[in-house]
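Survey of secondary and tertiary structure
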Amino acid sequence: MLPPIEVHRASPLKAKPAPSEALGFGKYFTDHMFRMDYSTERGWHQARILPHGPLGLDPGAAVLHYAQSVFDGSKVFRGQDGKLRAFRLADHCARLSSSAERLSMAPLPPELAREAIQALVKLDAAWVPSAPGTSLYVRPVVIASEAFLGVRPADKYIFFVIMSPVGGYFSNGAEPVRIWVEQQLTRAAPGGIGGAKAAANYAASLQASVAAKKRGYAQVLWLDALEHRYIEEVGTMNLFVRIGDEVVTPPLDGTFLPGITRESVLTLLRDWGVRTSERKLSIDELREAHQKGELREVFGTGTAAVISPVGGLGFQDGELKIGEGRLGELSKRLYDAVTGIQYGTLPDRHGWMTLI
Ligand code: PMP
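Residues numbered from 1 in each chain as written. Predicted model: local features only at pLDDT ≥ 70, side-chain atom pairs only at ≥ 80, totals over all residues. Heavy atoms only, no water.

**Topic: the site of the ligand**
In the vicinity of the ligand, 16 residues are found, and the nearest of them are Arg-95, Tyr-202, Glu-233, Thr-261 and Thr-303. Glu-233 is positioned with one of its side-chain polar atoms (N or O) 2.6 Å from a nitrogen atom of the ligand. Here an oxygen atom of the ligand sits 2.6 Å away from a polar atom, N or O, in the side chain of Thr-303. Alone, the ligand offers 390 Å² of accessible surface; in the complex the protein occludes 96% of this. When residues of the shell around the ligand are traced back to their parent elements, those giving at least two are strand E12 (237-243), helix H5 (260-271) and strand E15 (295-302). When its residues are assigned to classes, the shell around the ligand shows 4 nonpolar, 8 polar and 4 charged. (Near = heavy atom within 4 Å. Polar contact = N/O pair within 3.5 Å; in protein donor to acceptor, adjacent residues only side chain to side chain. Areas by Shrake-Rupley, 256 points an atom, 1.4 Å probe, with all protein chains shown as cover. Helix = DSSP H or I, 4+ residues; strand = E, 2+ residues; numbered from the N terminus. Nonpolar A, V, L, I, M, F, W, Y, C, P; charged D, E, K, R; others polar.)

What follows is the structure, given as structure tokens:
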């Protein structure tokens, strides 16, 4: 249980973007943020909501030197009935907690993160946008704040939550994207921190992602670090491939993020009686399926884009075109199902939504 939260209200409040404005992703921030501090003597203490603003970190803070930093990202939706619903909030908080554990940070009880987020969303509820495809993105973060340069887990941490009203990740909802298959650089190795939502993983991904953008690709598809053969995940999404009547996604092996949208998609596909497999999938198998005309759909799943159909996979020797640039049947059905649950127009059979 969270101790009582002190609330220091922002004054004046910021002007909100106009409903017609393109919100982008993470461009605007709400009026307030949540903050709580940790020390080994006091545990988590001083829960407070403050105006969104600087944290005041010592330049010796461990996070700035040794990257003890983890985060998560989830969304709150304004339903057609006007109610606010958070998608799989408890699961996002549990993942934040396990990411922190992997980086030897102070244990953060998921319940504490959930209460903090709910309190913050309630206060800034007017920031949850209502235009179709928009939502409020919630970004909880834990960083090591102790000013100390020895290499060991820090003994002071800051947990904070900031929020940003966001648009659909892709301009027209679910436009097929082209993805570059990265065969030189890797993101995470077995035994590493790929399965945690650690800031360092994103730093590791930037060089390949900039190179892919230069070639005209939206994101990078990462392969395994040992053989450079097996599919892992895409920039900020997990990957699904429909071969014949089987839908395949790589098994969780700790080298990539256990996506919450991934898990939701697997649940829905199983509900619908679609044959799903969590198994290793090599680039050779993918190319072969394409050659035989059996590669029916490829799509990414993630909080930002929900379902993002992949229209092309780029290799050094050319591009595999998938689905003739159109939205696949299953991608469309999944997109409609997940967003329907999120906006409260479809029944929430799995108890994924939390009313705020
Ligand atoms: N992989 C990575 C590296 C990501 O950043 C994300 C986005 N959080 C995902 C996968 C998808 O995860 P989720 O469905 O939980 O958003």
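**Examining the pattern of salt bridges**
Tallied over the entire structure, the rule returns 23 salt bridges. Between Asp-81 and Arg-85 there is a salt bridge, with its nearest N and O atoms 2.6 Å apart. Owing to a relative accessible area of 43%, Asp-81 belongs among the partly exposed residues under this scheme. In this structure, Glu-319 and Arg-178 form a salt bridge, with 2.7 Å as the shortest nitrogen-oxygen distance. With Glu-319 in strand E17 (residues 318-321) and Arg-178 in strand E9 (residues 177-182), the pair connects residues that are 141 residues apart, well separated along the chain. (Salt bridge = Lys/Arg side-chain N within 4 Å of Asp/Glu carboxyl O. Buried < 20%, exposed > 50% of the residue type's maximum accessible area, 1.4 Å probe, protein only.)

**What about the side chain of Lys-75?**
Secondary-structure assignment places Lys-75 in strand E5 (residues 74-78). It is Asp-72 that comes nearest to the buried, bridge-free Lys-75 among opposite-charge side chains, at 12 Å. Among the polar contacts listed, one links the side chain of Lys-75 to the backbone oxygen of Thr-303, at a separation of 3.0 Å. Residues contacting Lys-75, with those up to four places away along its chain left out, are Arg-85, Ala-86, Phe-87, Ser-135, Leu-136, Tyr-137, Val-166, Thr-303 and Ala-304. (Lys, Arg positive; Asp, Glu negative; His and termini not counted. Contact = heavy atoms within 4.5 Å.)

**Details of the packing of aromatic side chains**
Tallied over the full model, the rule gives 10 aromatic pairs. Through pairs of rings, three or more aromatic residues link up here, namely Phe-34, Tyr-38, Trp-44, Tyr-157 and Phe-159. Its guanidinium or amino end placed over the ring of Tyr-217, Arg-178 lies 4.4 Å from that ring's centre, counting from NZ or CZ. Sitting over the face of the ring of Tyr-230, Lys-280 holds its NZ or CZ atom 4.3 Å from the ring centroid. (Phe/Tyr/Trp six-rings, centres within 6.5 Å; stacked < 30°, edge-to-face > 60°. Lys NZ or Arg CZ within 6 Å of the ring centre and 35° of its normal.)

Remember that the coordinates give geometry; whether it matters functionally is a separate question.
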